[in-house]
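Descriptive structure summary
Spelled out, the chains give:
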Amino acid sequence: MEEFKNYIDGKWVKAISGKTFQNINPANQEDIIGEFPFSGQEDVDCAVSAAIKAYQSWRLIPAPKRGDMMRKVGDIFNRRKKELARIMTREMGKPTFETEGDVQEAIDTAYYAASETRRLFGHTVPSEMDNKMNLSFRTPIGVVGVITAWNFPIAVPSWKILPAIASGNTVVFKPSKDAPHSGVIFAEIMEEAGFPAGVFNVLLGTGSMGDMIVKHPDVKVIGFTGSTDIGCKIAEIGGRLNKRVSLEMGGKNAQIVMEDANLELALEGVLWGAFGTTGQRCTATSRLIVHKDIYETFLNMLKVRAEKLKIGDGLVAGTEMGPVIHKKSLENCERIVKIALNEGGRLITGGKPCTQPELAKGCFFEPTIIADVDETKTLFNEEVFGPVLCVTKADSFEHAIALQNHCEYGLSGSIYTRDVNRAWTAVREIQTGICYVNAPTIGAEAHMPFGGVKGTGNGHREGGWTAFDIFTEWKTVYFDYSDKLQRAQIDNY
Ligand code: UN1
């Protein structure tokens, strides 16, 4: 069986304890992908030491030179795109057209980060005194810990790793235990791009090792994508240790379909939003809010199309929906469906693990639609991270918006309508970090701010120019060339 290693200080090494863990293919649980190092405290210490050492010189490299290396990262991802997509699909299940998109998002992020290194603008402003100039510019912070989920195993890490390094920081990256091979790939690419030893380090292991990274006193910034539960714990620890913590957590995103919408378009949108990535995106459409005048019509349309989705191994061409990530997730889908039906939900389609013999070895769950779920019900409120969509009837536009906002999370929201006034009102009223009009809740682009409000985030935005706010500190400079003491607020008034 293939044995994988950590990447620390420019070298491929085993966990110091020698312990390993296995990862399996969710589409075929007999397919073991490999043995991965089960890293512990001593490995974390080594990686952080390497990152601190590398930081001393990396921070002094001119930003545009760091950008040149980012461009190489984009080139290498581009060259390896198809091959990497297959590796990613094998370990986390989504079809290869989606994993190719995942790699593309990293390519976009790399080129974007490269170009940003030539415009890390500061401000130069007049002083309130003579012969004095005030300016401000961004500086790197130090060692950044990156902890991510498995569902976007290359794109989401790239949103953090690439701007962090382009800004002059160094990184210790812990990929999910369910997507360790993608973490190895990331390291291979950074190695080929030629980053100096220690600038980028990958540690494989489980959540307890992530905790060690968070608690390490020399890790100054944490970029995290994962559950709200873990994210809030990280925020607590980070708060005590005065770290900067950027959190990207849960979602329970809703698509509204108004009676005047283009229903065919809204149908394509919800199918992609709810069942793309098997519903396992933090941006996934897990709630559908439909105006009463078209409620039954739209449900019928949805049922027909959902039942036609081609479910299978993501490595097989033509597959539209892959497995869920593991058995526990499959069981969670079963649990939530049971609760929803007990609470009065109407099963439109799906509701159980797939029974086709060719899917027996994998963790496949039917695309599931449960209607008549009001805002008091569990399914309306709980994030599932699987292909289970709940549908709620709205009596009016105002009611639809109220339902959309009846949510502890606030990542992504969508409305389908042809009424421009309603559309803009919805944009204003929907309480999410990302808002779509006539498009599903998924599909963020790499050059725009990404993140959520309420229970989803803690005020930071990855993606685009805002990612650089996470990974830099401002330095304000007062440059006095008057040759005398000028007392601000005193001598000039
Ligand atoms: C995630 O689910 O963690 O907007 C990220 C989207 C993708 C990113 C999803 N571009 O759906």
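Criteria and thresholds
Residues numbered from 1 in each chain as written. Predicted model: local features only at pLDDT ≥ 70, side-chain atom pairs only at ≥ 80, totals over all residues. Heavy atoms only, no water. Pairing = 2+ DSSP bridges. Helix = DSSP H or I, 4+ residues; strand = E, 2+ residues; numbered from the N terminus. Axes fitted to C-alpha atoms, helices over the stretch in contact; angles between N-to-C directions. Contact = heavy atoms within 4.5 Å. Near = heavy atom within 4 Å. Polar contact = N/O pair within 3.5 Å; in protein donor to acceptor, adjacent residues only side chain to side chain. Areas by Shrake-Rupley, 256 points an atom, 1.4 Å probe, with all protein chains shown as cover. Nonpolar A, V, L, I, M, F, W, Y, C, P; charged D, E, K, R; others polar. Domains from an automatic or database assignment. Buried area = accessible area lost by both parts, 1.4 Å probe. Salt bridge = Lys/Arg side-chain N within 4 Å of Asp/Glu carboxyl O.

**Describing the sheet that holds strand S5 (residues 123–126)**
Strand order in the open sheet formed by three strands is S5-S6-S21, and the pairing between neighbours is antiparallel. Every interior strand has two partners, whereas the edge strands, S5 and strand S21 (472–480), have only one. Direction aside, neighbouring strands of the sheet carry axes that sit 20 degrees apart on average.

**Regarding the sheet that holds strand S13 (residues 285–291)**
Judged by pairing direction, the sheet is mixed, and its seven strands sit side by side in the order S14-S15-S16-S13-S12-S18-S19 without closing on themselves. Of all the strands in the sheet, the pair left with one neighbour each is strand S14 (346–349) and strand S19 (434–437). Going from strand to strand, the sheet's axes swing by 20 degrees on average, the running direction of each strand aside. Sheet strands in contact with helix H10 (residues 295–306) are strand S12 (253–257), S13, S14, strand S15 (368–371) and strand S16 (388–394), and its direction is about 45 degrees off that of S14. With respect to the sheet, helix H11 (residues 327–342) is in contact with S14, S15 and S16, its orientation differing from that of S15 by roughly 20 degrees.

**A look at the site of the ligand**
In the region of the ligand, the neighbouring residues are Glu105, Asn151, Phe152, Val156, Trp159, Arg281, Cys282, Thr283, Ile442, Gly443 and Ala444. Interatomic distance of 2.7 Å between a backbone N/O atom of Cys282 and an oxygen atom of the ligand. Protein chains shield 99% of the accessible area of the ligand, which is 320 Å² for the free molecule. When grouped by side-chain class, the residues that make up the shell around the ligand number six nonpolar, three polar and two charged. The residues that make up the shell around the ligand include at least three from each of domain 1 (6–249 + 457–476) and domain 2 (253–437).

**Considerations on the domain arrangement of the protein chain**
Domain boundaries in the protein chain define domain 1 (6–249 + 457–476) and domain 2 (253–437). Domain 1 puts 24 residues into the contact, and the matching count from domain 2 is 26 residues. Carbon and sulfur atoms supply 59% of the area that domain 1 and domain 2 bury against each other, a total of about 2,100 Å² over both sides. Of all residues in domain 1, the largest losses of buried area upon contact with domain 2 belong to Pro26, Ala27 and Trp150, amounting jointly to 23% of the total for that side. Taken together, the links from domain 1 to domain 2 amount to two salt bridges. A salt bridge links Glu98 to Arg281; its shortest N-O distance comes to 3.6 Å. Taken together, the connections running from domain 1 to domain 2 amount to six residue pairs in polar contact (both at pLDDT 80 or more). Counting only elements with at least two residues in the side of domain 1 that touches domain 2, the list comes to strand S4 (28–37), helix H3 (81–92) and helix H4 (96–116). It is H3 that contributes the most residues to the side of domain 1 that touches domain 2, five residues altogether.

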